[in-house]
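# Analysis of the macromolecular model
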Amino acid sequence: LTASTLEKPNQPNSKNMTTQPDPPGSASASASTSARSLTASTTEYLVAEMVRHYRSTPGAQDMDTLRDLGERVGKALAERLSTDRKPPLPSQLDVVKWICKDFWTAVFQKSVDNLKTNHKGTFLLRDTSFRWTRRVSQNVYGGVERMPGGTTCIEYLVLPEAMVKGALRAFGVEATVQAETSTLGAQVDFTIVVPPQTGDGE
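Residues numbered from 1 in each chain as written. Predicted model: local features only at pLDDT ≥ 70, side-chain atom pairs only at ≥ 80, totals over all residues. Heavy atoms only, no water.

## Details of the overall build of the protein
Scanning the protein from N- to C-terminus turns up five helices and five strands. For the protein, the succession of helices and strands along the chain, N to C, is β-α-α-α-β-β-α-α-β-β. With 202 residues in all, the protein has 37% of them scored as buried. The contacts of the protein with a sequence gap of at least 6 include a subset with a gap of at least 24, amounting to 62%. When the accessible area of the protein is evaluated, it comes to approximately 11,900 Å², of which 51% is carbon and sulfur surface. (Helix = DSSP H or I, 4+ residues; strand = E, 2+ residues; numbered from the N terminus. Buried < 20%, exposed > 50% of the residue type's maximum accessible area, 1.4 Å probe, protein only. Contact = heavy atoms within 4.5 Å. Areas by Shrake-Rupley, 256 points an atom, 1.4 Å probe, with all protein chains shown as cover.)

This is the structure we're talking about:
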């Protein structure tokens, strides 16, 4: 896999802005930062409770329900975030780059730290401080089960896996998505594999 350059998420054109951002340290800026932090924390705890709910009754069917939910949410969110985007993204790599920047920032408040691809349909997205498992790795939620080797319980990666798959589907890209962590949840690798279309060859 070779590294692919990631740009910063799209920002509004300052020439079209009618108001100036609050200066750092101002009461308004502090309140806005606190509100974003509270929203992010609420989402993280909500995700943790959802996982607990769906894993309370062991069985593949429960996690399949969570996976289906994640795909629907990911697809709907990607469609909403890309509503005003013109022209359409020209390639699979551009779609993945959009997910690494715009989608990741909207969902996880940061962009992907590293993207690699073999230019044959396989992409590796690395988030070195993944928000939705970071607190799990710190055992903030309490009662977290860990798998052999110290890896965080795999159920906590089902929802983000599914959301990424749904986001890809919003752009007409069908792929498998697998998330793995080997550092107690702090770093998570998402592997996206797009199977070759019939007639595309190797």
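Okay, back to it.
## A look at the packing of aromatic side chains
The description of two aromatic rings rests on the distance between their centres and on the angle between their planes. Tallying each qualifying case throughout the model produces eight aromatic pairs. Between Trp98 and Phe103 the ring centres are 6.4 Å apart and the planes differ by 40 degrees, which places this aromatic pair in the tilted class. With a relative accessible area of 4%, Trp98 lands in the buried category. Phe103 gets classed as buried once you look at its relative accessible area, which sits at 0%. Centroid distance Phe130 to Phe190: 5.4 Å. Interplanar angle 65 degrees. Geometry classified as edge-to-face. Of this pair, Phe130 sits in the loop between β3 (122–127) and α4 (131–137) while Phe190 sits in strand β5 (residues 188–193), placing them 60 residues apart in sequence. (Phe/Tyr/Trp six-rings, centres within 6.5 Å; stacked < 30°, edge-to-face > 60°.)

## Details of the pattern of salt bridges
Scanning the model with the defined rule gives eight salt bridges in all. A salt bridge links Asp189 to Arg126; its shortest N-O distance comes to 2.7 Å. Here Arg126 lies in strand β3 and Asp189 lies in strand β5, a separation of 63 residues in the sequence. Residue classification places Arg126 among the partly exposed residues on the basis of a relative accessible area of 30%. Residues participating in the shared-partner salt-bridge network are Glu71, Lys165, Arg169 and Glu174. (Salt bridge = Lys/Arg side-chain N within 4 Å of Asp/Glu carboxyl O.)

## A short note on the nonpolar core
Of all hydrophobic cores here, the largest spans 39 residues; its most connected members are Trp104, Leu125, Leu168, Phe190 and Ile192. Of all the elements in the fold, those that place two or more residues in this core are α1 (27–55), α2 (60–81), α3 (92–108), β3, α5 (158–170), β4 (176–180) and β5. For Ile192, the residues in contact, after removing those within four places along its chain, are Gly121, Thr122, Phe123, Leu125, Val164, Leu168, Ala175, Thr176 and Val177. (Core = buried A, V, L, I, M, F, W, Y, C linked by side-chain atoms within 4.5 Å.)

## Description of unusual backbone geometry
Backbone geometry at Gln109 places phi at a positive 65 degrees, although glycine is not the residue there. Secondary-structure assignment places Gln109 in the loop between α3 and β2 (114–117). Taking the relative accessible area as the measure of exposure, Gln109 reaches 41% and is therefore partly exposed. One non-glycine residue, His119, lies in positive phi territory at about 60 degrees. Inspection of the secondary structure puts His119 in the loop between β2 and β3. The exposure class assigned to His119 is exposed, which follows from its relative accessible area of 58%.

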